[in-house]
Amino acid sequence: MSQVLHTPPPTRAPADDDLAALAARHGLSVSGARPTLPEYVRQLWARRHFIAAFSTAKLTAQYSQAKLGQVWQVMTPLLNAAVYYFIFGVLLNTKHNVPDYVPFLVTGVFIWTFTQSSIMAGTRAISGNLGLVRALHFPRAALPISFALQQLQQLLFSMAALVVILLVFGVPVSLSWVLAVPALVLQFTFNAGVSMVMARMGAKTPDIAQLMPFVLRTWMYTSGVMWSIDKIAGHDKLPHVVTVALQLNPAAVYIDLMRFALIDSFHAGSLPPHVWAVATGWALLAGVGGFIYFWKAEETYGRG
């Protein structure tokens, strides 16, 4: 008697809609899914204490292996200023017709270093902390923001040396020094926004971190750190579009605002037109735009 083998009827693979409905019925959600923008902001605010503690810890550990320790937070920009003074101020004579050139230069170096260091740290914020990103669930924007906050703390620590230099070179204490506070708030917002843009780009292409020092060095030379944009812009040799580009350069705008706030010989006539509006515009464009740009790739960080 022959045996008839009965094969089971083929089963239909569940459709994606069926799986989604099943997950929703049991309260399941996609692991690591990007939250909505308002929810992302709420999560980020809830971790504000972590951001502050992380930035402080990074700042403390930065020079922990050096014998002079935290003194290098002040010594590094001061040594850079000394080198720039010799090369640009003495050899190239860019100090000509620039009142209070040493305070002018040191202020430019300190403020530029804040932007430069924030962007460089932001570029490596994700790619350099993959272990943390893959191990813990938190809004990834906390990393580039914390690195920008770290650089702000370092700048504030260094401002004590800047104040001493201003007083030694005869710059009096003035009520205009209060303007340094909104100027730094706007610059921090700009730096954090650009850091988030670079963090997303650096997470996808880590080689960008090797290119950034050359980009930032070029940006520095066009930002009036060692020379006066106002003096150069007054020459008829430059095309008008170049003059406008130099004046609207965000790094130069924030440097000039700090010089205007701290140095009494740096008058309002040395500032580009509508400088506070320009500074606010750059801060909003970079801060809001950079945050949204970073948030859109939230699901991809630490993958691969």
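Rules behind the numbers
- Within each chain, residues carry numbers counting from 1 in the order of the written sequence.
- Confidence filtering applies because this is a predicted model: local features only for residues at pLDDT of at least 70, side-chain atom pairs given and counted only at 80 or more, and all residues used for totals across whole chains, interfaces and linings.
- The basis for every side-chain value is the complete set of heavy atoms in the structure, and neither hydrogens nor water enter the calculation.
- Each helix is a run of DSSP H or I of at least 4 residues and each strand a run of E of at least 2, with the numbering of both proceeding from the N terminus.
- When accessible area is computed with a 1.4 Å probe and restricted to protein chains, residues below 20% of their type maximum are described as buried, those above 50% as exposed, and intermediate ones as partly exposed.
- Throughout, a contact is declared for two residues whenever any of their heavy atoms are within 4.5 Å.
- The length a helix should cover is 1.5 Å for every residue beyond the first.
- Throughout, an axis means a line fitted to C-alpha atoms (over the contacting stretch in the case of helices), and angles, computed between N-to-C directions, take values from 0 to 180 degrees.
- Note on terminology: angles under 35 degrees are roughly parallel, angles over 145 are roughly antiparallel, angles of 65 to 115 are roughly perpendicular, and the others are oblique.
- For this scheme, ten residues count as nonpolar: Ala, Val, Leu, Ile, Met, Phe, Trp, Tyr, Cys and Pro. Four count as charged, namely Asp, Glu, Lys and Arg, and the remainder, Gly too, count as polar.
- Put simply, a patch holds well-exposed residues, over 30% relative accessible area, that have no salt bridge, with like charges counted together within 9 Å and Val, Leu, Ile, Met, Phe, Trp or Tyr side chains within 5 Å.
- Every accessible area reported is derived by Shrake-Rupley at a probe size of 1.4 Å, with residue values counting cover from the shown protein chains alone.
- Whenever Lys or Arg places a side-chain nitrogen within 4 Å of a carboxyl oxygen from Asp or Glu, that contact is recorded as a salt bridge.

### Concerning the overall build of the chain
Secondary structure assignment for the chain yields 13 helices and 0 strands. In sequence order, the chain lays out its α and β elements as α-α-α-α-α-α-α-α-α-α-α-α-α. Among the 304 residues that make up the chain, the fraction classed as buried is 43%. For the chain, the proportion of contacts with a sequence separation of at least 24, taken over those separated by at least 6, is 79%.

### Some words on helix α9 (residues 208-221)
The terminal C-alpha atoms of α9 lie 20 Å apart, and with 14 residues this matches the ideal 20 Å at 1.5 Å per residue to within 8%. Looking at α9, one finds that the buried residues are I208, A209, M212, L216, W219 and M220.

### Focus on the packing of helix α5 (residues 101-123) against helix α7 (residues 142-168)
Two numbers describe how α5 lies on α7: the axes approach to 9 Å, and their chain directions differ by 170 degrees. The orientation of α5 with respect to α7, classified from their angle, is roughly antiparallel. Judged by residue contacts, V102, P103, V106, T107, F110, I111, F114, S117, S118 and A121 of α5 engage F147, A148, Q151, L152, L155, S158, L162, I165 and L166 from α7. Taken together, the residues that form the contact of α5 with α7 break down as 14 nonpolar, 5 polar and no charged.

### Points about a nonpolar patch on the surface
Among the surface-exposed residues, V83, F86, I87, V90, L91 and L92 lie close enough to one another that they form a single nonpolar patch of about 550 Å² accessible area. Relative to the assigned elements, I87 resides in helix α4 (residues 72-91).

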